[in-house]
Amino acid sequence: MRYLYGLAILCCLVLWSSCRNDFETVASTGNLEFSRDTVYLDTVFTNIGSSTYNLKVYNRSNEDINIPSVRLAQGESSNYRLNVDGIPGKVFENVQILAKDSIFIFIETTLDINNLPTNAPDFLYTDQLLFDSGGNQQKVELVTLVRDAIFLFPEKYADGTTEMLNLGTENDPFLVKGFYLEDDELTFTKEKPYVIYGFAAVPSNKTLTIEAGARVHFHNLSGIIVAENGTMKTMGEKSNDPEAMENEVIFEGDRLEPSFSDIPGQWFAIWLIKGSVGNELNFTTIKNSIFGIRSEISPLTLRNVQIYNSTYVGLLAINSAIKGENMVINNSGQSSLAIQLGGSYEFRHCTFANYWTESFRSFPTVSIENTLGDDFVEDLVKANFTNCIIYGNERREFSLFQNPDRAFNFNFTNCLVRFEDPNGEFGNNPLYDFSNATLFTNIVQNADPKFQDTKKNNFNIEKGASGAENIGKDGVGPDFDLNGTQRGNSPQDHPDAGAYETIEFPGG
């Protein structure tokens, strides 16, 4: 009987609790608090969805409250989308918050600039998030800058398939989503940014010219391909404002939010296919890709080029012919410069660095080989580095691998390199005989270059402290560094190694 009596009481309690409201509330009195008074959704391209942003709404009172309405000021016509405590919509009624508790509101948007009242390339779109009404009303501002752009993408066919490029052969196809640029698409200007989906390919016997100040953005796994006998030229110029870089050509991903500004792997690469010709990049920054540049048996000239935040390799050169000056490459998951299957290379006043911290890195900053895998070998005609810095956060920052069946010619002249071998592991390897002036001419080993801020890809070097100061060979050129500072060319003032002359650091 006691058992049955207890069970009856338990059932009554369950029935009573199931019939009551979740909690009794009082009306909101306009005393809500917010994690921010304005939600900036940063800049988005037209028709590309924003990231999801959050707003936290606090009830600091000792009572459970009910907010009669939470809504966008523009109602259902707003271009913002909300999710209030797990429920999607634009207008909400009777939103409840427990005492001393809070709720999340998630906000995102997708905007079509063609539907907005403007002809300008940029438009500031705003709305308000309203809580309650009348005298108790509170509001949070919503702000988004929407930017117009030129979109380039492969065609989608009626049967649901997408235009493809064959990078292989007819008998052994290698298909990627992409398209060939038409003649009227072969000049990129600074008038509007370009956003590329898939691979935009430069056809054979055509030239893609990218003018000074142009901005090119890539969607995930997208890039530019330069086909056999095709050419790519970027015509960037020195900028007056090093922050704005208004005259440089910039390649990066299509996510414009600050949180994406230095995230590797957002797009694929600039890909120079075997047999492309006359490629040339001037005052160009390439950032946040999987490979910065992938050059396959192609000629390439690089002047004042910066490559940052590559998932694998900043500059991958496969049996190519490359000349580079005033280059900086940093933050690569493998190597900043990887030379494979030989080729011909000449680098002057370049800074090859690697301070990758996203994951374990087992590759040096610079890797040089005359092989590709186990099956292919070609001559390394030359790999000459003059007045360069090769440095990073590992003890040995360059590697050399030779198949003796083919030529392997290299030289480092007046360079600062990091290669520590305290246990003599490489002492009997003639490729690392640093006393051999034919291979290593006037180099400096393991002296700290004193970079200004490697985390921010700032590779200026400190005056009076850098191991690269005054060690360069005279008369090598270019005469001006990446900042536009003239290099020393007298016995009293030799040029510094790397892409920059030394400067006084603030507070130094």
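1. Description of the overall build of the chain
Part 1 of the argument: In terms of helices and strands, the chain carries one helix and 42 strands.
Part 2 of the argument: For the chain, the C-alpha radius of gyration of 30 Å lies well beyond 23 Å, the compact-globule estimate for 508 residues.
Part 3 of the argument: Viewed in the frame of its principal axes, the chain has a C-alpha envelope of about 95 × 55 × 55 Å.
Part 4 of the argument: Every one of the 508 residues in the chain was classed for burial, and the buried ones make up 48%.
Part 5 of the argument: Partitioning the intrachain contacts of the chain with sequence separation of at least 6 by distance along the chain shows that 61% fall at a separation of at least 24.
Part 6 of the argument: Roughly 24,300 Å² of accessible area belongs to the chain as shown, and the carbon and sulfur atoms make up 48% of that amount.
Part 7 of the argument: Where the 38 positive side-chain charges of the chain centre and where its 67 negative ones centre are 3 Å apart.

2. Notes on the state of the cysteines
Part 1 of the argument: Scanning the model with the defined rule gives zero disulfides in all.
Part 2 of the argument: Note on Cys350: no disulfide assigned, nearest cysteine sulfur contributed by Cys388 at a separation of 4.7 Å.
Part 3 of the argument: Given a relative accessible area of 0%, Cys388 falls into the buried group.

3. Points about the environment of Thr43
Part 1 of the argument: Examined against the element boundaries, Thr43 turns out to sit in strand S3 (residues 38-45).
Part 2 of the argument: Since its relative accessible area comes to 17%, Thr43 is described here as buried.
Part 3 of the argument: In sequence terms Thr43 and Pro258 are 215 residues apart; their C-alpha atoms lie 9.0 Å from each other.
Part 4 of the argument: The residues touching Thr43, leaving out its near neighbours within four places in the chain, are Leu145, Arg147, Leu256 and Glu257.

4. Digging into the pattern of salt bridges
Part 1 of the argument: Taken as a whole and assessed by the stated rule, the structure comprises 20 salt bridges.
Part 2 of the argument: Ionic pairing is found between Lys206 and Asp183, a salt bridge with its closest N-O pair at 3.3 Å. One end of the pair, Lys206, is in the loop between strand S17 (199-202) and strand S18 (207-211); the other, Asp183, is in the loop between strand S14 (175-180) and strand S15 (187-188), with 23 residues separating them in the sequence.
Part 3 of the argument: Residue Asp183 is classed as exposed on the basis of its relative accessible area, which comes to 55%.

5. Considering the packing of aromatic side chains
The way to describe two aromatic rings as a pair is by their centre distance and the angle between their planes.
Part 1 of the argument: Per the counting criterion, the structure on display carries 32 aromatic pairs.
Part 2 of the argument: Seen from their ring centres, Phe385 and Phe412 are 4.9 Å apart, and the 10° between their planes marks the pair as stacked. Placement of Phe385 in strand S34 (residues 380-386) and of Phe412 in strand S37 (residues 408-413) is noted, with a sequence separation of 27 residues between them. Both residues of the pair, Phe385 and Phe412, count as buried.
Part 3 of the argument: In this structure an aromatic cluster arises from ring pairing among Phe347, Phe352, Phe385, Phe398, Phe408, Phe410, Phe412, Phe419, Phe426, Tyr432, Phe434 and Phe440.
Part 4 of the argument: Over the ring of Tyr58 we find Arg60; its NZ or CZ atom is 4.1 Å from the centre of that ring.
Part 5 of the argument: Of note, Arg294 hangs over the ring of Phe291, and the distance from its end group to the ring centre comes to 5.6 Å.

6. A look at the nonpolar core
Part 1 of the argument: Residues Phe251, Phe347 and Phe385 are the most contacted members of the largest nonpolar core, which totals 60 residues.
Part 2 of the argument: Those residues within four positions of Phe251 in sequence are excluded, and the remaining contacts are Ile210, Val216, Phe218, Ile224, Met232, Thr234, Trp267, Ile270, Thr284, Thr285, Ile286 and Lys287.
Part 3 of the argument: By size, the runner-up hydrophobic cluster in this structure holds 30 residues, among which are Val70, Val84, Ile105 and Leu142.

7. Brief notes about the side chain of Gln266
Part 1 of the argument: As for its placement among the helices and strands, Gln266 is situated in the loop between strand S22 (249-253) and strand S23 (269-272).
Part 2 of the argument: Residues contacting Gln266, with those up to four places away along its chain left out, are Phe218, His219, Asn220, Leu221, Gly253, Arg255, Phe260, Asn288 and Ser289.

8. Here's the deal with the sheet that holds strand S2 (residues 33-34)
Part 1 of the argument: Taking strand neighbours across the sheet as the criterion, the five strands line up as S2-S4-S9-S6-S7 in an open arrangement whose pairing is antiparallel. Looking at which strands have only one partner, the edges of the open sheet turn out to be S2 and strand S7 (87-89).
Part 2 of the argument: In this structure, strand S4 (residues 53-59) lies alongside strand S9 (residues 101-109), joined through seven bridges in antiparallel fashion. Within S9, the residue paired with Leu55 across the bridge is Ile105.

9. Observations concerning the environment of Thr351
Part 1 of the argument: Examined against the element boundaries, Thr351 turns out to sit in strand S30 (residues 351-354).
Part 2 of the argument: With relative accessibility at 1%, the residue Thr351 sits in the buried group.
Part 3 of the argument: For the pair Thr351 and Gly135, spaced 216 residues apart in sequence, the C-alpha separation works out to 62 Å.
Part 4 of the argument: A polar contact of 3.0 Å, which involves the side chain of Thr351, links it to the backbone nitrogen of Ala499.

10. Overview of the side chain of Ser222
Part 1 of the argument: Structurally, Ser222 can be placed in the loop between strand S19 (215-218) and strand S20 (223-226).
Part 2 of the argument: Not counting the four nearest positions on each side in its chain, Ser222 is found in contact with Ile196, Tyr197, Gly198, Phe199, Trp267, Phe268 and Ala269.

11. Notes on the pairing of S37
Part 1 of the argument: S37 sits mainly inside the fold: five of its six residues count as buried.
Part 2 of the argument: Where S34 lies against S37, five bridges are found, and the strand directions are parallel. Each residue of the ladder has a partner; that of Leu380, found in S37, is Phe408.
Part 3 of the argument: Bridge count for S37 against strand S39 (residues 440-441) is two bridges, and the pairing is parallel. Residue pairing in the sheet places Phe412 in a bridge with Phe440 of S39.

12. Section: the confidence of the model for the chain
Part 1 of the argument: Averaged over the chain, the pLDDT score is 92; the fraction of residues at 70 or greater is 94%.
Part 2 of the argument: This model gives residues 7-21 a pLDDT under 50, and the stretch forms zero contacts once residues within four places in sequence are excluded.

Rules and cut-offs
Residues numbered from 1 in each chain as written. Predicted model: local features only at pLDDT ≥ 70, side-chain atom pairs only at ≥ 80, totals over all residues. Heavy atoms only, no water. Helix = DSSP H or I, 4+ residues; strand = E, 2+ residues; numbered from the N terminus. Rg over C-alpha atoms; globule rule 2.2 N^0.38 Å. Buried < 20%, exposed > 50% of the residue type's maximum accessible area, 1.4 Å probe, protein only. Contact = heavy atoms within 4.5 Å. Areas by Shrake-Rupley, 256 points an atom, 1.4 Å probe, with all protein chains shown as cover. Lys, Arg positive; Asp, Glu negative; His and termini not counted. Charge placed at Lys NZ, Arg CZ, Asp CG, Glu CD. Disulfide = S-S within 2.5 Å. Salt bridge = Lys/Arg side-chain N within 4 Å of Asp/Glu carboxyl O. Phe/Tyr/Trp six-rings, centres within 6.5 Å; stacked < 30°, edge-to-face > 60°. Lys NZ or Arg CZ within 6 Å of the ring centre and 35° of its normal. Core = buried A, V, L, I, M, F, W, Y, C linked by side-chain atoms within 4.5 Å. Pairing = 2+ DSSP bridges. Polar contact = N/O pair within 3.5 Å; in protein donor to acceptor, adjacent residues only side chain to side chain. pLDDT = per-residue confidence, 0-100.

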